[in-house]
Amino acid sequence: MALLIRTLLAALLALAAALATAADARFMALSYHEVLADHEAMTPTAVRASDLARQFAWLQANDYHPVSVDQILAARAGGPPLPPNAILLSFDDGFLDVYTRAFPLLKLFNYPAVIALVGQWMDVPAGQMVDYDGKPVPRSKFLNWEQVREMQASGLIEVASHSYDLHHGILANPQGNTQPATTTRRYAGGRHEDDAAYLARLRADLRDSISPHTGKAPRIIVWPYGRSNQAAQEVAAQLGMPIGLTLIDGFNDAATPTAVWKRQLIENSPSLQAFAEMLRVTWDPNPARSVVVDPGAWPPGADGLSPTLDRLLTLSPNIAFVKPNIMHDGSEMTLFPTKLRPVAADQLNHIAWQTERRAGVPVFIDLPAAWLDEPELVADLARQVNFAGLRVRAAPDSAAAERIRQAAGRWVWPLQMAYAVDQPPTPEQWARLRHGDLVVLPASEENIAAVPREMANRVLFEFDPALPPASIARRMNRLEADGFRQFGVAGFPESLMGPIFPSLSLRWQPQLP
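What you are looking at is a predicted structure, and each value in this text was computed from that prediction instead of being measured. (Residues numbered from 1 in each chain as written. Predicted model: local features only at pLDDT ≥ 70, side-chain atom pairs only at ≥ 80, totals over all residues. Heavy atoms only, no water.)

J.: Describe the layout of surface pockets, with residues and values.
T.: Once rolled over the atoms, a probe with the size of a water molecule shows which space is left empty. The space that makes up the second largest pocket amounts to roughly 570 Å³. Glu34, Thr43, Thr45, Phe95 and Tyr132 are, among the 30 residues lining the second largest pocket, the residues nearest its centre. Elements supplying a minimum of two residues to the lining of the second largest pocket: α4 (96-109) and β8 (135-138). If one sorts the elements of the lining of the second largest pocket by residue count, α4 sits on top with four residues. For the lining of the second largest pocket, the residue count by class is 12 nonpolar, eight polar and 10 charged. (1 Å grid on protein atoms, 1.4 Å probe; cavity = no way out; pocket = protein on both sides within 12 Å on 5 of 7 lines; lining within 4 Å. Points joined across faces, edges and corners; volume = space filled by probe spheres on them. Helix = DSSP H or I, 4+ residues; strand = E, 2+ residues; numbered from the N terminus. Nonpolar A, V, L, I, M, F, W, Y, C, P; charged D, E, K, R; others polar.)

J.: A description of the side chain of glutamine 147 should follow, citing residues and the corresponding values.
T.: With respect to the helices and strands, the residue glutamine 147 is situated in helix α6 (residues 145-153). Residues within four places of glutamine 147 in sequence aside, it is in contact with Leu96, Tyr99 and Phe142. (Contact = heavy atoms within 4.5 Å.)

J.: Pulling in residues and values, what's your account of the environment of phenylalanine 103?
T.: As for its placement among the helices and strands, phenylalanine 103 is situated in helix α4. The exposure class of phenylalanine 103 is buried, given its relative accessible area of 2%. Expressed as a C-alpha distance, the spacing of phenylalanine 103 and alanine 113, which sit 10 residues apart in the sequence, is 9.1 Å. (Buried < 20%, exposed > 50% of the residue type's maximum accessible area, 1.4 Å probe, protein only.)

J.: How would you sum up unusual backbone geometry? Please name residues and give values.
T.: Cis rather than trans, the peptide bond between tryptophan 413 and proline 414 has omega equal to -10 degrees. Assignment of secondary structure puts proline 414 in the loop between α14 (399-409) and β23 (416-420). In the Ramachandran plot, asparagine 268 falls in the positive-phi region, its phi being about 50 degrees despite a non-glycine side chain. Within the element layout of this structure, asparagine 268 appears in the loop between β16 (264-265) and α10 (272-280).

J.: Could you give an account of empty space enclosed by the protein, with specific residues and numbers?
T.: Enumeration according to the criterion identifies two cavities of 30 Å³ or more in this entry. The wall of the largest cavity is formed by Ser161, Leu206, Arg207, Asp208, Ser209, Ile210, Pro218, Leu239 and Met241. Tallied by class, residues from the lining of the largest cavity come to five nonpolar, two polar and two charged. Around the second largest cavity, the lining residues are Gln179, Thr183, Thr184, Arg185, Asn349, Ala382, Arg383, Gln384, Val385 and Asn386.

J.: How would you summarise helix α17 (residues 469-481) if you had to cite specific residues and measurements?
T.: The terminal C-alpha atoms of α17, which comprises 13 residues, lie 18 Å apart, in line with the 18 Å expected from a rise of 1.5 Å per residue. Taken together, the buried positions of α17 are Ser471, Ile472, Ala473, Arg475, Met476 and Leu479. After α17 finishes, the residue glycine 483 shows a positive phi value of roughly 95 degrees. (Expected span 1.5 Å × (residues − 1).)

J.: Please set out the pattern of salt bridges residue by residue, giving values where relevant.
T.: Overall, the coordinates contain 26 salt bridges when judged by the stated rule. Across the pair glutamate 234 and arginine 410 runs a salt bridge whose closest N-O atoms are separated by 2.8 Å. In this pair, glutamate 234 sits in helix α9 (residues 230-238) while arginine 410 sits in the loop between α14 and β23, placing the two residues 176 residues apart along the sequence. A residue is classified by how much of its surface remains accessible, and glutamate 234, at 36% relative accessible area, is partly exposed. (Salt bridge = Lys/Arg side-chain N within 4 Å of Asp/Glu carboxyl O.)

J.: Describe in detail the confidence of the model for the protein, supporting the description with residues and values.
T.: Interpretation of this model should avoid reading the predicted coordinates in detail wherever pLDDT is low. Of the residues in the protein, 93% have a pLDDT of 70 or more, and the chain-wide mean is 92. This model gives residues 1-20 a pLDDT under 50, and the stretch forms zero contacts once residues within four places in sequence are excluded. (pLDDT = per-residue confidence, 0-100.)

J.: Requested: an account of the pairing of strand β7 (residues 129-132), with residues and values cited.
T.: Along β7, the buried face is formed by Val130 and Tyr132; none of Met129 and Asp131, which line the opposite face, is buried. Across four bridges, the pairing between β7 and β8 is antiparallel. Paired with valine 130 across the bridge in β8 is valine 137. The hairpin formed by β7 and β8 contains two residues between the paired strands, and aspartate 133 there has a positive phi angle of roughly 55 degrees. (Pairing = 2+ DSSP bridges.)

J.: Can you break down the nonpolar core residue by residue, with the values?
T.: Membership of the largest hydrophobic core comes to 77 residues, with the highest contact counts inside it found for Leu367, Leu381, Phe387, Leu390, Val392 and Phe461. Each residue touching phenylalanine 387, except ones within four places of it in the same chain, is listed here: Val363, Ile365, Leu381, Ala382, Val412 and Leu415. (Core = buried A, V, L, I, M, F, W, Y, C linked by side-chain atoms within 4.5 Å.)

Next up, the structure:
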């Protein structure tokens, strides 16, 4: 008994130490871009210099403390803890106004920051145009190396790579979509890049192009558009950049992998109130609302995608479970290139991208049950298609589901999992559910009664679309009243403006405190 007590005490002490370390290394990172004068036309990712000055003053007055990357790494290694309300400031794209407007403020407040430079833009000769995401911008709008060296010499500025030439889209599918170059397999000559060509392209691009101008190689990769995957993260680390900055919202602590620190994107020069609310995270995220999209149900030869996107825009869910296959003459065929199945058409990449970009709905691929035992097939899916998550017919403790996660996770990051099961998980299975993942359950009275209230934000109840719409709407309203705000329909509601619409649509949801 004494040995058991000592063992439990040691485990509790270790847990307490780990939690203390996580708290000591907690910080939020902010992503700024352009810093504009008050008279200049606003752009979506810009902040006005006057607003930036107010934000910096607010940080100082409210016990927020901008910190350096060195301070963060020291805290994570068990050194001096970060101050309370630690903030990592970063400025992407290397605009000249970082030097003319942000740098003077950083010096005034003695705030450290990271600047992220795109090598190809820096190499454009003076007097020429930079191809800034497909728009010609004068080279004079960007920093030069003399200004970069001056900022670095101040001791306040760390220079990071924003890639050499990955800050643009490349052709991704036969339908002509361009998608982020870091995570997309280039489509050319009727074929997609294989692993070797894709990884070679990343290695060639992420080479150090900064130290010849600054005398110091970057250790940070600021991923263009915040997009990366595990393979790209590994390449960056091999090239001396183990620290990665993303555009995933949230706080970081000692448990956050160094390769994928989260950052909050600053948009549309927020007011001080909006800025403070963002830092204090005073709002709850939207509840999950889902529908199922089945391309196999679209009329043969017709454009089923456009009306589907229109319906998604109207309904405004935030998860679309999209099926990756169709049945043709009794045989299964995929909608993405693979050698492991007959291919009906190379369409899923286009469907998923249009659903995300045009309808604003993240895509979860709804895997057939048989695919649970075929991780290489799912890896092919992840190579070819950009998506947010996978729906698997398995419990959270399924070894097969974990193999599927690992196979897809190399090429898709971040990757969420939705575990579709018929009955509520056991307490042990609930405990295995990772942060951000979901359990999807049929919305039966028995299932609803059996789910603990504390799991309300981990479960999504799914209704049979064959039920009367008025009945579905009443049950959705009752679920929400009982604190279970996440639900969906295992199909598309037949009438978007029928009784289900106001209950399911996020357009009708109040923002709860």
